[in-house]
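This is what each chain is made of:
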Amino acid sequence: MFNAHLSAKDEMVEKFLDYAAKGDLEKISAMISHSTTLINERGEQGWTALMFAARNGHYEVAKILISNGCDKSLVNKSGQTAYDIAKFWGYKHIAKLFINGGDSNLHNLLPCTGVGDQEIYFNREFLNRMSEKRTNSEWLAAKQSSPETVFIVFYNLNLLVTSGPDKETASQPNVKLCKLNASSVEALLKKIDTTVVFLGVEKEVKKSSSSPTADEDGLVAWFALNTDEDPTECLKSIDANSFYIKRPMPDLLFLNEDEAGVTAHARSVLAWHSRYKFCPTCGSETRVDEGGHKRTCLREDCKSLKGVHNTCYPRVDPVVIMLVLHPDGNQCLLGRKKIFPPGMFSCLAGFIEPGETIEEAVRREVLEESGVRVGPVQYVSCQPWPMPSSLMIGCHSVALSTDIKVDENEIEEARWFTRQQVVDALLKAKQAVFTMPPRQAVAHNLVKHWIGMNANL
Ligand SMILES: NC(=O)C1=CN([C@@H]2O[C@H](COP(=O)(O)OP(=O)(O)OC[C@H]3O[C@@H](n4cnc5c(N)ncnc54)[C@H](O)[C@@H]3O)[C@@H](O)[C@H]2O)C=CC1
Ligand SMILES: [Mg+2]
Ligand SMILES: [Mg+2]
Ligand SMILES: [Mg+2]
Ligand SMILES: [Zn+2]
C-alpha cells in the first residue's frame, strides 16, 4: 500500500517535469492548482520543473512556476540553478524573470550580466521603508501603540529569535524572528535607553476586518528596538523557545530571506546608534530623530547643524569583494584568513578608501593581499553585510600576473584553483580540496556565477 502510494507520486512528478520540459502550460497550471508541492520536486540529476522550462525556453511555464512560489535557489547535481541554465542556453528573457521579480521589459534595456537580486541574502526588502513618514512623529507614535505593529528586539545588538522544534537535528537550524506586539514591548519602549528605529511598513496591505478608525491606514508598521540591559524581564508573553543570537556569524545566516533583509537594515542602523552616541563633530550629546534614522547634536552652535552633515546619518562602509580570474580563463584566485573555518577559501575583499573608485580598490586590495596585478574589473552584484554595516560590492576581474605573494598580516594563504576544483567544492564532493563560503555570502554567488557562465551543462 505504502509503495503503491509512493510510485503514484513518482509518476505524477515525472509527468509534471515532462510537461514543464515540453512547455505544456495548461497541464502545468492544472497540476499546480491540484498540488502545489509539485513545484519543487526533482527528477533525474536533481532537475526541477523550473530547470526544464529554463532549459527549453518555455517562458510562460517558468513564469507560472515562479509566481506560484517555486524555490529558484535549488541546484541540480551539476551545481546549476534554473537561472544559470536559462543564461547558458541563451534564454535571456527567462533569465530576466529571476532579476528584481521579473520586470523583463525594464531589464531588456540592460545587458544580462548581473546575478538576480533575489539570489542575494540580506538583500530582500519586503518592507517599504516609507522614509517620508520618519518626520511624522504623530503617525510614528500612533503606529507604536497599534496592535497590528510588529516589533523586533535586540539586546546589545543580539537579535531575539525563536527556534523550531527541529533545531537540534537539522543541519541548518530553523531560526525565526521573534515578532512582538505593542503590549509585549510596552515597558521596554518606556525605558530611556531603548533605541527605537522605524523600519517601514509591509508592502502587502492587509485588509482589516474591523472598520478603520482615523489613524488606521491599513499599513502594518515594523520597528526595531535595542537596549544594552537584558530586556527579557520587560517583555510580556514571549515565546518559551526564544533566545538572543550571540554570534551574528554564522547564526544570522539561518533566517529566511525576508527576515534576513529586515534584520540587515535593523542591525546596521542600531549598530550605528550604539557606536555614535555622541556628536562626532564636537563630542556633545545628541538626540535621536527621524524614526531612528538621524542623530542631531544638542549643542546649538555645532557645525553639524549647518548644511548636510553625513555624521548625522547612519554610515555604510563600501567594501570590494572580487573573484580574480587567471588569464588562462580556467582558474580563479581564492584566499583564506586565519579566522576562517579550517579548509575554507573565499574571494579577496577589502574596504574602499576615500577618493578611490571600485575598480582601483579591487586592483589595490588584490595587489596588497596576494601580489597579483589585476586588469579589467566588472561589477557583478552587491550585498548589505550587517556586521556591522558594510556594502559588499562583488566584482569579477582578470589577472595580469599570476605569481602569488601573500600579505601575511591579512591573508594566511592564497591559491589558484581550477574550475574543476571549484565545481567539486560547490557540490561538496568527496574529492573537494577546499570548502566554499556558505550560499548566503556574496563570495559564493561570485564563484557560482563564474562557473554558471561557462558551465558544460
Ligand atoms: N572573503 C572575505 O574576506 C569577506 C569579507 N567580508 C567583510 O569585508 C570587510 C572587509 O574585508 P577585510 O579583508 O577585512 O578588509 P581589508 O582588506 O581592507 O583589511 C581590513 C583592515 O583595513 C582597515 N580598515 C580600513 N577601513 C576600514 C573600515 N571602514 N572599517 C574597518 N577597518 C578598516 C583595518 O585596519 C582592518 O583591519 C570585513 O568587514 C569583512 O567582514 C565579508 C564577507 C567575506
Ligand atoms: Mg582583505
Ligand atoms: Mg586588504
Ligand atoms: Mg584595506
Ligand atoms: Zn556637535
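Cut-off values and rules
The written sequence of each chain sets the order in which its residues are numbered from 1. All chains are assigned letters beginning at A, and all ligands numbers beginning at 1, according to the order in which they are written. Selection of residues for local features in this predicted model requires a pLDDT of at least 70, selection of side-chain atom pairs for listing and counting requires 80 or more, and totals for whole chains, interfaces and linings are taken over all residues. Note that water and hydrogens are dropped before the side-chain values are worked out from all heavy atoms of the structure. UniProt positions are given in the numbering used here, feature names are shortened, and annotations may be inferred rather than shown by experiment. Only rings of Phe, Tyr and Trp enter the pairing, Trp through its six-membered ring, and a pair is recorded when the two centres are within 6.5 Å. The plane angle decides the type: under 30 degrees is stacked, over 60 is edge-to-face, the rest tilted. In this description a helix means any DSSP run of H or I spanning at least four residues, a strand means any run of E spanning at least two, and both kinds are numbered starting from the N terminus. The criterion for a charge sitting over a ring is simple: Lys NZ or Arg CZ within 6 Å of the ring centre, and within 35 degrees of the ring normal. Residues are labelled near a given molecule or strand when at least one of their non-hydrogen atoms is within 4 Å of it. Any pair of N or O atoms that falls within 3.5 Å is considered a polar contact. Within protein, one atom must be able to donate a hydrogen and the other to accept it, and sequence-neighbouring residues count only if both atoms are side-chain atoms. Only the protein chains shown count as cover for residues, with accessible areas throughout obtained via the Shrake-Rupley method and a probe of 1.4 Å. Fitting a line to C-alpha atoms yields each axis, with helices limited to the stretch in contact; the angle taken between N-to-C directions then spans 0 to 180 degrees. What sets the label is the angle itself: under 35 degrees gives roughly parallel, over 145 gives roughly antiparallel, 65 to 115 gives roughly perpendicular, and the rest give oblique. Crossing handedness follows the turn of the near helix against the far one: under a right angle anticlockwise gives a left-handed crossing, and clockwise gives a right-handed one. The criterion used for residue contact is that any of the two residues' heavy atoms lie within 4.5 Å. All amino acids are sorted into three groups, where Ala, Val, Leu, Ile, Met, Phe, Trp, Tyr, Cys and Pro are nonpolar, Asp, Glu, Lys and Arg are charged, and the leftover types, Gly among them, are polar. Nitrogen, oxygen and sulfur within 2.8 Å of a metal are treated as its donors, or within 3.2 Å for sodium, potassium and calcium (Na, K, Ca); water is not counted, so a site can appear incomplete. Three exposure classes are used, based on accessible area relative to the maximum for each residue type with a 1.4 Å probe and protein chains only: buried under 20%, partly exposed in between, and exposed over 50%.

- As named in an unreviewed UniProt entry, the chain is NAD-capped RNA hydrolase NUDT12, taken from Chanos chanos.
- Turning to the chain, the UniProt record has this under Subunit (unreviewed entry): "Homodimer. Homodimerization is essential for its catalytic activity and protein stability. Interacts (via ANK repeats) with BLMH."
- As recorded by UniProt, the Sequence similarities (unreviewed entry) comment attached to the chain reads in full: "Belongs to the Nudix hydrolase family. NudC subfamily."

Some remarks on the packing of aromatic side chains
Move 1: All chains considered together, the criterion is met by 13 aromatic pairs.
Move 2: Taking the centre distance of 5.7 Å and the plane angle of 85° together, the rings of Phe 122 and Trp 385 count as edge-to-face. In this pair, Phe 122 sits in the loop between α7 (104–107) and β1 (127–128) while Trp 385 sits in strand β13 (residues 374–385), placing the two residues 263 residues apart along the sequence.
Move 3: Both rings, one in Trp 139 and one in Phe 198, keep their centres 5.4 Å apart while their planes meet at 80°; by these two values the pair is edge-to-face. Of this pair, Trp 139 sits in helix α8 (residues 137–145) while Phe 198 sits in strand β5 (residues 195–202); the two residues are 59 residues apart in sequence, bridging distant segments of the chain.
Move 4: These aromatic residues form a ring-pair network of at least three members: Trp 139, Phe 151, Phe 198 and Phe 223.
Move 5: A cation over a ring is seen here: Arg 55 above Trp 89, with NZ or CZ 3.5 Å from the ring centre.

Details of the site of ligand 1
Move 1: The environment of ligand 1 is made up of 15 residues, and the closest members are Lys 337, Cys 347, Phe 351, Glu 369 and Glu 410.
Move 2: In this structure, Lys 337 approaches ligand 1 through a side-chain N or O atom, which is 2.9 Å from an oxygen atom.
Move 3: One nitrogen or oxygen atom from the side chain of Glu 410 is found 2.7 Å from an oxygen atom belonging to ligand 1.
Move 4: Here ligand 1 loses 59% of its free accessible area of 830 Å² to cover by the protein chains.
Move 5: Every element with two or more residues in the shell around ligand 1 is listed here: β10 (317–325), β12 (348–351) and α12 (358–370).

Structural notes on the packing of helix α2 (residues 25–34) against helix α4 (residues 59–67)
Move 1: Where α2 contacts α4, the two axes come as close as 10 Å, and the packing angle between them is 10°. Between α2 and α4, the interaxial angle falls into the category roughly parallel. As for how α2 packs across α4, the hand of that crossing is right-handed. Judged by residue contacts, Leu 25, Ile 28, Ser 29 and Ile 32 of α2 engage Glu 60, Val 61, Ile 64 and Leu 65 from α4.
Move 2: Of the residues in the contact of α2 with α4, the class split is 6 nonpolar, 1 polar and 1 charged.

A closer look at the coordination of the magnesium ion (ligand 3)
Move 1: Coordination of the magnesium ion (ligand 3) by the protein comes from Glu 365 (OE), Glu 369 (OE), Glu 410 (OE) and Glu 410 (OE), over a distance range of 2.1 to 2.7 Å.
Move 2: Linear spacing of the donor residues for the magnesium ion (ligand 3) on their chain is E-x3-E-x40-E.
Move 3: Between the magnesium ion (ligand 3) and the magnesium ion (ligand 2), both coordinated by Glu 369, there is a metal-metal distance of 3.3 Å. Of this pair, Glu 369 sits in helix α12 while Glu 410 sits in the loop between β14 (390–399) and β15 (413–418), and the two are 41 residues apart along the sequence.
Move 4: Given a relative accessible area of 2%, Glu 369 falls into the buried group.
Move 5: Under the relative-accessibility criterion, Glu 410 is labelled partly exposed at 34%.

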